[in-house]
Amino acid sequence: MARAGITADRLVTAAAELADEVGFDNVTLSALARRFGVRDASLYSHVRNLRELRARLALLAGGELIDRIADAVAGRAGKDALTAFADAYRAYALAHPGRYAATQTRLDEDAVTPELLAGSPTPRRTADITYGMLRGYGLDEPDLTDAVRLLRSTFHGYCVLEAAGAFAHPRAVQASWDKAVDALHAALEHWPRETPRQPD
């Protein structure tokens, strides 16, 4: 590919493809330079360093993930919304392992410029859709944050274990997934709401 064809967006898209092929941790500027048929130095006019590239990749993948979730939950509420949310999350994580791994990294404040964040709706949109779905269960803070952490840790743990082939029991993996979502729905419906502290 000609050097003139490289842009920051094309570089990040190539990084996403590479992540799915070889793993997020193996995405390097050198590997991308080889992919484009240029020297490493040619990429520094598009990204400052590897940390910025990975931050851009995380925002790209996070946007793809929340787009799929938003499409899945549109017009749904309660258990239907939770199931659609969960299934879209799992489908993306299994289909795009490298991209998904990028979404689980904490954005490096030194790598993410205010301009880059301002140009990406991903963090705010992810929060709006996730919290909006959970508000359907009548939750408010701090229970909302606790519920988000429960869902994220459950979905993430399940997907990582499934992708690694760690579920060896003959019980169908899909059946266990469906049961896990049922259990989450029950937990959300009967959430142990935090009682506000009374003044002394």
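Residues numbered from 1 in each chain as written. Predicted model: local features only at pLDDT ≥ 70, side-chain atom pairs only at ≥ 80, totals over all residues. Heavy atoms only, no water.

Caption draft 1: Examining the nonpolar core more closely. Counting 34 residues, the largest nonpolar core has Ile69, Leu82, Phe155 and Leu188 as the members making the most contacts within it. Secondary-structure elements contributing two or more residues to this core are helix H3 (50-73), helix H4 (78-95), helix H7 (122-135), helix H8 (143-163) and helix H9 (173-189). Considering every element that reaches this core, the biggest residue donor is H4, with 9 residues. By size, the runner-up hydrophobic cluster in this structure holds 21 residues, among which are Ala15, Ala16, Leu43 and Leu53. (Core = buried A, V, L, I, M, F, W, Y, C linked by side-chain atoms within 4.5 Å. Buried < 20%, exposed > 50% of the residue type's maximum accessible area, 1.4 Å probe, protein only. Helix = DSSP H or I, 4+ residues; strand = E, 2+ residues; numbered from the N terminus.)

Caption draft 2: Focus on helix H1 (residues 8-22). Under the 1.5 Å per step criterion, the end-to-end length of H1 is 21 Å for 15 residues, consistent within 8% with the ideal 21 Å. Those residues of H1 not exposed but buried are Ala8, Leu11, Val12, Ala14, Ala15, Ala16, Leu18 and Ala19. Contact partners of the buried residues in H1: helix H2 (29-36), H3 and helix H5 (97-103). Phi turns positive one or two residues past the end of H1, at glycine 23, with a value near 105°. (Expected span 1.5 Å × (residues − 1). Contact = heavy atoms within 4.5 Å.)

Caption draft 3: Molecular detail of a negative patch on the surface. On the surface, a cluster of negative charge is made up of Asp140, Glu141, Asp146 and Glu194. Mapped onto the elements, glutamate 194 comes out in the segment after H9. (Patch = residues over 30% accessible without salt bridge, like charges linked within 9 Å, V, L, I, M, F, W, Y side chains within 5 Å. Areas by Shrake-Rupley, 256 points an atom, 1.4 Å probe, with all protein chains shown as cover. Salt bridge = Lys/Arg side-chain N within 4 Å of Asp/Glu carboxyl O. Lys, Arg positive; Asp, Glu negative; His and termini not counted. Charge placed at Lys NZ, Arg CZ, Asp CG, Glu CD.)

Caption draft 4: Region of interest: the packing of H4 against H7. The geometry of H4 relative to H7 is characterised by a closest axis approach of 9 Å and an angle of 145° between their N-to-C directions. The hand of the H4/H7 crossing is left-handed. On the side of H4, the interface is formed by Ala81, Leu82 and Phe85, while H7 contributes Ile129, Thr130 and Met133. Grouping the constituent residues of the contact of H4 with H7 by class yields 5 nonpolar, 1 polar and no charged. (Axes fitted to C-alpha atoms, helices over the stretch in contact; angles between N-to-C directions. Left-handed = near helix turned anticlockwise from the far one by under 90°. Nonpolar A, V, L, I, M, F, W, Y, C, P; charged D, E, K, R; others polar.)

Caption draft 5: Geometry of the pattern of salt bridges. Applying the stated criterion across every chain, the model contains 9 salt bridges. Salt-bridge contacts for arginine 99 lead to aspartate 20; the nearest nitrogen and oxygen are separated by 2.4 Å. Linking arginine 99 in helix H5 with aspartate 20 in helix H1, this pair joins segments that are 79 residues apart in sequence. A residue is classified by how much of its surface remains accessible, and arginine 99, at 12% relative accessible area, is buried. Where arginine 35 meets glutamate 21, a salt bridge forms, and the shortest distance between an N and an O atom there is 2.8 Å. Of this pair, arginine 35 sits in helix H2 while glutamate 21 is found in helix H1, placing the two residues 14 residues apart along the sequence. The exposed category is assigned to glutamate 21, whose relative accessible area is 51%. Linked through salt bridges whose partners overlap, the residues forming this network are Asp20, Glu64 and Arg99.

Caption draft 6: Structural context of the environment of leucine 151. In this fold, leucine 151 is placed in helix H8. Separated by 33 residues in sequence, leucine 151 and leucine 184 have C-alpha atoms that sit 7.6 Å apart. Dropping the residues within four chain positions of it, leucine 151 is found in contact with Leu82, Met133, Leu134, Leu184 and Leu188.

Caption draft 7: Up close: the environment of alanine 102. With respect to the helices, strands and loops of the structure, alanine 102 is situated in helix H5. According to the relative accessible area criterion, alanine 102 is buried, its value standing at 0%. Separated by 41 residues in sequence, alanine 102 and alanine 61 place their C-alpha atoms 6.8 Å apart. Apart from the residues lying within four places of it in its own chain, the contact partners of alanine 102 are Phe24, Leu57 and Ala58.

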